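# Descriptive analysis of the structure
Okay, here's what each chain looks like letter by letter:
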Amino acid sequence: MQETLLEVADLASAYGRVKALKGVSVTVNAGEIVSLVGGNGAGKTTLLRAISGVQPVIGGSVRFLGEDVTRLAPHARVDRGIAQVPEGRQIFAPLSIEDNLRLGAYRRRDDAIAADMEAVYELFPMLKARRATPAGGLSGGQQQMLAMGRALMSRPKLLLLDEPSMGLAPILVDQIFEIIASLKQRGVTVFLVEQNAAAALSIADRGYVIETGKIAHEGEAASLLADDRVRAAYLGI
Ligand code: ATP
């Protein structure tokens, strides 16, 4: 039996009268890569932000390792092992790459921070080479790597990734997805939201399709990739 890491049940969220999530249920088991795909405005970002605690919810629940975290502050969720890589990276441009990474560990009080930074540099050698330079000088793909490295510095059990491929050239998209797939070997569980359904599902174990705030399809990633409805709507086939 796989351990359930994240259990989102019947989650609802709204911006004023606009219902962005209308009863969304997803689960992520330890060791999996799970992708949530959907078009513009379907509710992907809202769901990730509700899981990390920065978006208020009006119904349903978020459980992490069996604990109800629905009302916990975002920093308390980080302490429990949830880290988010936000849409648009949100790196701190004037700060050095190393200081950006250090900020990812700001809630930690253990003595393995330096070792984890080395592990991040091993995963992203380009960041090490430029570690003393301001993060604002990095390209989009490099900023995505930095944002992922920063999230890994919190030692997450679950990494939430919001559209990591956004705005990147195809070759960089491939590279980013390869890195995400390699995180699984490092024992990090990933919940990925993406408009790039083909790439996101091709590295995932399971997937969900969200349409206007509701889960429309779910299943093994390979079955979704083979599903005619999914192919027609999201893969342009
Ligand atoms: P995208 O890929 O464009 O980021 P998404 O799937 O992440 O889309 P959300 O950003 O979660 O979708 O948006 C879901 C719905 O909520 C949309 O109808 C959107 O217009 C609305 N929405 C999102 N943010 C706000 C906001 N700050 N104020 C009002 N409505 C919002």
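Everything below is about the structure printed above this text.
Residues numbered from 1 in each chain as written. Predicted model: local features only at pLDDT ≥ 70, side-chain atom pairs only at ≥ 80, totals over all residues. Heavy atoms only, no water.

## Describing the overall build of the protein chain
Defined as follows: Helix and strand definitions follow DSSP, with helices as H or I runs of at least four residues and strands as E runs of at least two, each counted in order from the N terminus. Here the radius of gyration uses the C-alpha set of atoms, whereas the globule reference equals 2.2 Å times the residue count to the power 0.38. Think of it in three bands: residues with accessible area under 20% of the maximum for their type are buried, residues over 50% are exposed, and the middle band is partly exposed, with areas taken using a 1.4 Å probe on protein chains only. We call two residues in contact when some of their heavy atoms are within 4.5 Å.
Summing up its helical and strand segments, the protein chain has 10 helices and 10 strands in all. Here the protein chain has a C-alpha radius of gyration of 17 Å; the compact-globule value for 237 residues is 18 Å, and the two agree. Seen through its C-alpha atoms, the protein chain measures out along the principal axes to roughly 45 × 40 × 40 Å. Within the protein chain, the fraction of its 237 residues that count as buried is 50%. Within the protein chain, counting contacts between residues at least 6 apart in sequence, those at least 24 apart form 68% of the total.

## Some points on the site of the ligand
This is how it is decided: Any residue with a heavy atom lying within 4 Å of a molecule or strand is counted as near it. In the analysis that follows, any N or O atom pair within 3.5 Å is treated as a polar contact, provided that within protein one partner can donate a hydrogen and the other can accept it, and provided that, for residues neighboring in sequence, both atoms belong to side chains. Residue-level accessible areas treat just the shown protein chains as cover; the underlying method is Shrake-Rupley with a 1.4 Å probe. Under the grouping applied here, Gly and all other residues not named as nonpolar or charged are polar, the nonpolar ones being Ala, Val, Leu, Ile, Met, Phe, Trp, Tyr, Cys and Pro and the charged ones Asp, Glu, Lys and Arg.
The ligand sits among 13 residues. The nearest are Asn40, Gly41, Lys44, Thr45 and Thr46. In this structure, an oxygen atom belonging to the ligand sits 2.8 Å away from a side-chain N or O atom of Lys44. Taking Gln195, its side chain carries an N or O atom lying 3.0 Å from an oxygen atom of the ligand. Computed on the free molecule, the ligand has an accessible area of 620 Å², of which 62% lies beneath the protein chains in the complex. With three residues, helix α1 (residues 44–52) is the largest single contributor of residues to the shell around the ligand. Classifying every residue of the shell around the ligand gives three nonpolar, seven polar and three charged.

## What about the sheet that holds strand β9 (residues 206–211)?
Selection criterion: One bridge is not enough; two strands pair if DSSP finds at least two bridges between them. Axis definition: a line fitted to C-alpha atoms, over the contacting stretch in the case of helices. Angles run 0 to 180 degrees between N-to-C directions.
Strand order across the open sheet formed by six strands is β6-β7-β8-β3-β9-β10, with mixed pairing between neighbours. Each end of this open sheet is capped by a strand with a single partner; those strands are β6 (82–85) and β10 (214–220). Each neighbouring strand pair of the sheet contributes to a mean axis angle of 15°, computed without reference to strand direction. As defined by bridge partners, β6 adjoins strand β7 (residues 158–162) across four bridges and the pair is classed as parallel. Each residue of the ladder has a partner; that of Gln84, found in β7, is Leu160. Along the sheet face, helix α7 (residues 170–185) touches β3 (33–37), β7 and β8 (189–194) and points at about 155° away from the line of β8.

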